[in-house]
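Remarks on the overall topology
The primary structure of each chain is shown beneath.
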Amino acid sequence: MRMLMMGPQGVGKGTQAKMLAARCAIPHISTGDVFRANVSAGTELGKQIESLINAGELVPDALTDRIVADRLAQPDCANGWILDGYPRTIEQVRALDAVLEQSDQRIDVVLELRADYDELIKRIHERAQIEGRADDNPEAVAKRLQTYDKETAPLLDIYRDRGFVVAVDSEDVIEDTQASIVKHLQQCGLPGVKI
Ligand code: ADP
């Protein structure tokens, strides 16, 4: 299964994507995780992007697109993947289209997770206490949510036009949301996809 996981900050994309990827035995690819790992390891890329990430700004498309294209070319991606946090801009949608076309692959489904704004803020606040992410401060959170609304949410219309968005309410406890995702995906009966 080749899936995009979309939704605003705090909706539970990472949590749900990890569980689903384990269930389907395919890699969970989070661009945010890749970037944070580079920052922690102090790589050249990490040094280049650290201040952008901490300020809640997007990493430039060209850099992000290259990271994703390289990752999708790895052998463990041959049977599918879940992309979490990519694409976030129209440019990234085009870049992903080009990569998939070159390798004769297609996106099976775009999963949109939804939750109320107040619930998102509450979860981000809780996460900030536990994980201490540098970009979970109020200014960077506001910036990220704004960028999501302006740049990323409209991309769902593109995928809706192509006919493969499944929207799932993500306000329940983690396990119930996962069960709801699985049920929705099974109901769509995606050809060649076993869930
Ligand atoms: P969140 O969705 O909560 O903002 P992520 O872990 O997905 O957290 O991303 C953290 C940061 O990594 C983003 O704020 C941005 O700086 C960078 N990033 C992640 N994915 C992308 C992307 N597709 N394009 C540009 N920047 C990205």
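Since the model is a prediction, treat every value here as computed from it, not as a measurement. (Residues numbered from 1 in each chain as written. Predicted model: local features only at pLDDT ≥ 70, side-chain atom pairs only at ≥ 80, totals over all residues. Heavy atoms only, no water.)

**Quick notes on the UniProt feature "binding site: ATP" (unreviewed entry) in the chain**
- Under the present numbering, the feature "binding site: ATP" (unreviewed entry) in UniProt falls on Gly10, Val11, Gly12, Lys13, Gly14, Thr15, Arg127 and Asp172.
- With respect to the helices, strands and loops of the structure, Val11 is situated in the loop between β1 (2–6) and α1 (13–24).
- For Val11, a relative accessible area of 0% translates into the label buried.
- The contact partners of Val11, leaving out residues within four places of it in the chain, are Leu113, Arg114, Ala115, Leu120, Arg123 and Ser170.
- Relative to the elements of secondary structure, Gly14 occurs in helix α1. (UniProt positions renumbered as here; feature names shortened; annotations may be inferred. Helix = DSSP H or I, 4+ residues; strand = E, 2+ residues; numbered from the N terminus. Buried < 20%, exposed > 50% of the residue type's maximum accessible area, 1.4 Å probe, protein only. Contact = heavy atoms within 4.5 Å.)

**Quick notes on the state of the cysteines**
- Scanning all chains against the criterion turns up zero disulfides.
- The thiol of Cys77 is not disulfide-bonded; the next cysteine sulfur, from Cys24, is found 14 Å away.
- For Cys77, a relative accessible area of 1% gives the class buried.
- The thiol of Cys188 is unpaired, and the distance to the nearest cysteine sulfur, on Cys24, comes to 12 Å. (Disulfide = S-S within 2.5 Å.)

**Observations concerning the site of the ligand**
- Surrounding the ligand, one finds 19 residues, the nearest of these being Thr31, Glu57, Gly85, Arg88 and Arg144.
- The separation between a nitrogen atom of the ligand and a polar side-chain atom of Gln92 is 2.9 Å.
- When the ligand sits alone it has 530 Å² of accessible area, and the protein chains cover 97% of it.
- The element contributing the most residues to the shell around the ligand is helix α2 (residues 31–41), with four residues.
- Of the residues in the shell around the ligand, the class split is five nonpolar, six polar and eight charged. (Near = heavy atom within 4 Å. Polar contact = N/O pair within 3.5 Å; in protein donor to acceptor, adjacent residues only side chain to side chain. Areas by Shrake-Rupley, 256 points an atom, 1.4 Å probe, with all protein chains shown as cover. Nonpolar A, V, L, I, M, F, W, Y, C, P; charged D, E, K, R; others polar.)

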